[in-house]
Amino acid sequence: MTVRTSLRETFRNAQEGRLRMPWRLVLGLVVFSVVMVIVGALMNLLLSLVGVDPFDPGLDEFTGFENSLNAFVLGASALVALWPIGRYVDRRTLADFGLGIDRDWWVDFGLGFALGAENVASAVLAPVAAVAFVLSAVAVGLPAGIALRHAISRYAFIARFKNALIILIIGGYMVAIMTGLLNELMAVVTDPMGRSPTGWFADLVLLGAPGLATSETNAVLVVVVSGLVFPFGLAVTVWLAGVHWFSDPVNLDPDDHVVEPTATVVGSEAGPVEGLLERLFGRPRAALVVLAYRRTVRAPMKLLYALIPLLMLSGAVPLIVELGEIPRVLVVPLLLAIVWGAGTLFVLNPLGDQGNVLPATLLSGLSGREFVGAHVIAGLLVALPVGVAVTALAVMFSPLSTGAALLVVLASPVLILLGSVAASGLGMAFPRFSAVVINQSTKTVVPSKLAFLSYTLYLGLTAVAGASVFNEVVAELTAVMVSGLLPFGLAISVETLRIVATVTLVPLALAPFAGAVYAIRRYDRYTVE
């Protein structure tokens, strides 16, 4: 017992309740190294997807690309690793690491900025600029926010279609990014913005700094303008607040509200769509399928979560336009993004999507097979035609051979089916019932973080394992990444990796069937407390 206690005290400080300092340093370095390898591998993979070789010496000759990339990887790794190191290794909060944003932190920041800029005056001018910036931002932002709220809640068209308008705005923003229009717009407005009053704050902060052409006039004007804008903005705010307070909100008709469906699972009168679904799948399943679609239409903000993978792939659109073809490495990720989105919308949270009608659904006599099958059908009716069509178009405009393209298209419905069935098991295992707040007046129920994470890992691991078996380049890249993660300088060969990937594909292929069985039994045994 004494030996065990002594050994424990060698590693752990009982008074502080954490590892002793040398072991914390060692473990912290290990965590940082692992995070840095992962961040570096992801960055190299991302660059390879967009056709950039990070090790091309020609890049560094003109732009210092490699040094910039290394600095970014180190900085990002430090920020990412700080949280697990602080919470699980050092047992300290971020504030204990000097990241507590309080008055002392701002004082230290100002002094550090002054020393870095080699301008002592910045230690005094930086707080003045900060105060002026806050005053002017509040004076402009507060009335603008009240005006926006007034428009959303007092005008019938905006109030009725606000979610659709938000999605259109976000969609337009993504289109601007994908087409390069945003970059062109920023290039046009950057110089005028720098000469406008928003750019005068830099003149005030850096006034007197060596080697910089700052304007004393702009520095003085920004203080004067901020002082004048604040009372004017305050007066406008009071006036807008009065107008908003004494006006009546829009009274939408009951049918326009986003309300929960009735407590019955089977409707009394079926429409044409419901009638077709009833003839194909039976009335209970058809009612749940229609219910899933209605919830999606009534809560379109949920689409934003389902479109996350597609938004991540949208950065490759300029490259596709430039090359005139879809790179072969994007075909499978595009198919996985469709599978991921369909699972997120309809299958990854079947219990939570029921909302307050879940007790009625459980008491309606529906079997687990009918309940789970209905949600899988809802996802497949959307994902199968869209996924197959998009995959076919992608392979048509890609340099894949005819045999490989045909194989991908034929495999797409199988992958969509297996992905949807697997999502049902994960969704039943990790349900979420609470709504996520999009803004002050918009909430939506989305799958839980564990469901998101596990489903993403399953699809990603399946894709990597399958690609490693059938593609030599992917196998080599995966072997390099896995070797970088292994400790003690261990490495894995491409041949060994392919054997491991082949063996791994067996349980991954069987996982959807096990997930479906679990989901059915989970529903049959589920009780509401």
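In the block above lies the structure referred to throughout.
Residues numbered from 1 in each chain as written. Predicted model: local features only at pLDDT ≥ 70, side-chain atom pairs only at ≥ 80, totals over all residues. Heavy atoms only, no water.

1. Looking at the overall build of the chain
Okay, so step 1: When you go through the chain residue by residue, the secondary structure sums to 24 helices and four strands.
Okay, so step 2: Expressed as a percentage of its 529 residues, the buried residues of the chain come to 32%.
Okay, so step 3: Contacts in the chain between residues far apart in sequence, at least 24 positions, make up 70% of those at least 6 positions apart.
Okay, so step 4: With an accessible surface of roughly 31600 Å², the chain has 71% of that area assigned to carbon and sulfur atoms. (Helix = DSSP H or I, 4+ residues; strand = E, 2+ residues; numbered from the N terminus. Buried < 20%, exposed > 50% of the residue type's maximum accessible area, 1.4 Å probe, protein only. Contact = heavy atoms within 4.5 Å. Areas by Shrake-Rupley, 256 points an atom, 1.4 Å probe, with all protein chains shown as cover.)

2. Observations concerning the packing of aromatic side chains
Okay, so step 1: As enumerated under the stated definition, the model contains four aromatic pairs in all.
Okay, so step 2: Both rings, one in Tyr293 and one in Phe346, keep their centres 5.3 Å apart while their planes meet at 85°; by these two values the pair is edge-to-face. In this pair, Tyr293 sits in helix α13 (residues 283–298) while Phe346 sits in helix α17 (residues 331–347), placing the two residues 53 residues apart along the sequence.
Okay, so step 3: Arranged with centres 5.4 Å apart and planes meeting at 20°, the rings of Trp340 and Phe452 form a pair that is stacked. Of this pair, Trp340 sits in helix α17 while Phe452 sits in helix α22 (residues 449–470), and the two are 112 residues apart along the sequence.
Okay, so step 4: Residue classification places Phe452 among the buried positions, given a relative accessible area of 15%. (Phe/Tyr/Trp six-rings, centres within 6.5 Å; stacked < 30°, edge-to-face > 60°.)

3. Brief notes about the packing of helix α6 (residues 122–154) against helix α11 (residues 216–245)
Okay, so step 1: Where α6 contacts α11, the axes come no closer than 9 Å and their chain directions differ by 20°. Looking at the two axes, α6 sits roughly parallel to α11. For α6 against α11, the interelement crossing comes out left-handed.
Okay, so step 2: In terms of residue class, the contact of α6 with α11 is made up of 16 nonpolar, seven polar and two charged. (Axes fitted to C-alpha atoms, helices over the stretch in contact; angles between N-to-C directions. Parallel < 35°, antiparallel > 145°, perpendicular 65-115°, else oblique. Left-handed = near helix turned anticlockwise from the far one by under 90°. Nonpolar A, V, L, I, M, F, W, Y, C, P; charged D, E, K, R; others polar.)

4. Focus on the environment of Leu461
Okay, so step 1: Among the structural elements, Leu461 can be located in helix α22.
Okay, so step 2: When the C-alpha positions of Leu461 and Thr504 are compared, they lie 9.0 Å apart, and in sequence the two are 43 residues distant.

5. Points about the side chain of Thr391
Okay, so step 1: With respect to the element layout, Thr391 can be found in helix α20 (residues 368–396).
Okay, so step 2: Separated by 2.6 Å, the side chain of Thr391 and the backbone oxygen of Gly387 make a polar contact.
Okay, so step 3: Once residues lying within four places of it in the same chain are set aside, the contact partners of Thr391 are Leu335, Val408, Val409 and Ser412. (Polar contact = N/O pair within 3.5 Å; in protein donor to acceptor, adjacent residues only side chain to side chain.)

6. Some points on α11
Helical periodicity: at 3.6 residues per turn, an α-helix aligns residues three or four positions apart in one direction.
Okay, so step 1: Counted at 1.5 Å a residue, the expected span for α11 with its 30 residues is 44 Å, and the 43 Å between its end C-alpha atoms agrees.
Okay, so step 2: Taken together, the buried positions of α11 are occupied by Asn218, Ala219, Val222, Ser226, Gly233, Thr237, Leu240 and His244. (Expected span 1.5 Å × (residues − 1).)

7. Side note on the nonpolar core
Okay, so step 1: Counting residues in each nonpolar core, the largest one holds 45 residues, and the members touching the most others are Leu348, Phe371 and Tyr455.
Okay, so step 2: If you list the elements that add at least two residues to this core, you get α13, α17, α20, α21 (402–429), α22 and α24 (494–525).
Okay, so step 3: With eight residues, the top contributor of residues to this core is α20.
Okay, so step 4: Non-local contacts of Tyr455, meaning those with residues more than four positions away in its chain, are made with Val339, Trp340, Gly343, Leu348, Gly419, Ser420, Ala423 and Leu426. (Core = buried A, V, L, I, M, F, W, Y, C linked by side-chain atoms within 4.5 Å.)

8. Re the environment of Val31
Okay, so step 1: Along the polypeptide, Val31 turns up in helix α2 (residues 21–49).
Okay, so step 2: Judged by its relative accessible area of 21%, Val31 is partly exposed.
Okay, so step 3: For the pair Val31 and Pro84, spaced 53 residues apart in sequence, the C-alpha to C-alpha distance is 8.1 Å.
Okay, so step 4: For Val31, the contacting residues outside a window of four places in its chain are Ala81, Pro84 and Ile85.

9. Let's talk about the side chain of His150
Okay, so step 1: Relative to the assigned elements, His150 resides in helix α6.
Okay, so step 2: In contact with His150, not counting residues within four places along its chain, are Tyr155, Val243, His244 and Ser247.

10. Some thoughts on a nonpolar patch on the surface
Okay, so step 1: On the surface, Val131, Phe133, Val134, Leu135, Val138, Leu142, Phe230, Leu234 and Val238 cluster together to form a nonpolar patch covering roughly 780 Å² of accessible area.
Okay, so step 2: Those elements giving two or more residues to the nonpolar patch turn out to be α6 and α11.
Okay, so step 3: Per-element tally for the nonpolar patch: the top contributor is α6, with six residues. (Patch = residues over 30% accessible without salt bridge, like charges linked within 9 Å, V, L, I, M, F, W, Y side chains within 5 Å. Salt bridge = Lys/Arg side-chain N within 4 Å of Asp/Glu carboxyl O.)

11. What to know about the packing of α17 against α21
Okay, so step 1: At their nearest, the axes of α17 and α21 sit 9 Å apart, and the two run at 35° to each other. Here α17 runs over α21; the crossing is right-handed. On α21, the residues that touch Val331, Leu335, Val339, Gly343 and Val347 of α17 are Val408, Ser412, Leu415, Ile416, Gly419, Ser420, Ala423, Ser424 and Gly427.
Okay, so step 2: When the residues that make up the contact of α17 with α21 are grouped by side-chain class, the tally is eight nonpolar, six polar and no charged.

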